[in-house]
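Chain and residue survey
The lines below spell out each chain.
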Amino acid sequence: MMQARGRGGEWYDAGSSLLNRPEEDVFDREYNPLYIVSLNEQGEHAASLRVLPTTGPTMLRCDFQACFEPCPDIASAHVWECSCLCGTADSTSPAGRATTIETSKTLCRMALENGVQQITGIYGKSMMRLFRRIGWEPNILAQTPAEEGALCLGLWDVSSLALRHMAERQILPF
C-alpha cells in the first residue's frame, strides 16, 4: 500500500504538485489511522485509502488549510477525513471499476456502522470523473486556483442510499 502511494497510483492527480506526498507521513506514524485496502486476484494492492477522525489533526487542518480560501475548519465526531486514495487497478476497466466501487462501499459502510454522517477529502479536480463513475460524488466546499493544481475540498454524504447507489453502479454492464 505504501509503495503504491509512493508511485502515485491511478487515483492521484498527477497534475497537482500539492498532492505529491511521500509514501508515509506523520499521519501514518503518529495518529493511528484506519486503512481500507483492496487486493486483486493475485493478492496484490489494487486500491487503498486512509481515514482519520476530524476531531484530531487532519491533512486539511495541518497541511492544506492555506490552499483554500475560505477554508472551513471541519471538526466533528460525525465526520471523517479520507486521504491518500490510491488505485493501481485501471478504474476504466470492469475489474478496476469493481475494485474502486468496492473500496468506496467499504468506506461508506464502515462510516455508517460508526455513526459517521459525512466524509471529507482533498482531491484533484480531475477525480470528479472517477467519483461520477462509481456513483458517489462529493459536494465541493472549496477549490484552489487552477494554477495551484486545481484541488478540491469535498464532502460526501454517508447513507444507505449512497451504498445502494454504488451497488447499483457495480452491477451495471460496463
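Before reading further, recall that the structure is shown in the block above.
Remember, predicted model here, so these are calculated numbers, not experimental data.

1. So, the nonpolar core
Leu107, Ile119 and Trp136 are the most contacted members of the largest nonpolar core, which totals 25 residues. Elements that contribute at least two residues to this core include exactly β2 (45–53), β3 (79–87), α4 (94–113), β4 (118–124), α5 (128–134), β6 (151–157) and α6 (160–171).

2. Digging into the packing of aromatic side chains
As enumerated under the stated definition, the model contains five aromatic pairs in all. Relative to tryptophan 156, the ring of phenylalanine 131 has its centre 5.1 Å away and its plane inclined at 85°; by these criteria the two rings are edge-to-face. Of this pair, phenylalanine 131 sits in helix α5 while tryptophan 156 sits in strand β6, and the two are 25 residues apart along the sequence. Using a relative accessible area of 7% as the deciding quantity, one classes tryptophan 156 as buried. Following the ring pairs from residue to residue traces out a cluster consisting of Tyr123, Phe131, Trp136 and Trp156.

3. A closer look at the pairing of strand β1 (residues 34–39)
The pairing of β1 with β2 spans six bridges and is classified as antiparallel. The residue of β2 that forms the bridge with isoleucine 36 is leucine 49. Where β1 folds back onto β2 in an antiparallel hairpin, the turn is made up of five residues, including glycine 43, whose phi is positive at roughly 80°.

4. Regarding the sheet that holds β3
Hydrogen bonds along the backbone pair up the strands of a sheet, which may run parallel or antiparallel. What the six strands build is an open sheet, ordered β1-β2-β3-β4-β6-β5; its pairing is mixed. If you trace the sheet from one side to the other, it starts and ends with β1 and β5 (139–143), each paired once. Shown here is a sheet whose adjacent strand axes are inclined to one another by a mean of 25°, direction ignored. Against the sheet, α4 engages β1, β2, β3 and β4, with an angle of about 150° to β1.

Rules behind the numbers
Residues numbered from 1 in each chain as written. Predicted model: local features only at pLDDT ≥ 70, side-chain atom pairs only at ≥ 80, totals over all residues. Heavy atoms only, no water. Core = buried A, V, L, I, M, F, W, Y, C linked by side-chain atoms within 4.5 Å. Buried < 20%, exposed > 50% of the residue type's maximum accessible area, 1.4 Å probe, protein only. Helix = DSSP H or I, 4+ residues; strand = E, 2+ residues; numbered from the N terminus. Phe/Tyr/Trp six-rings, centres within 6.5 Å; stacked < 30°, edge-to-face > 60°. Pairing = 2+ DSSP bridges. Axes fitted to C-alpha atoms, helices over the stretch in contact; angles between N-to-C directions. Contact = heavy atoms within 4.5 Å.

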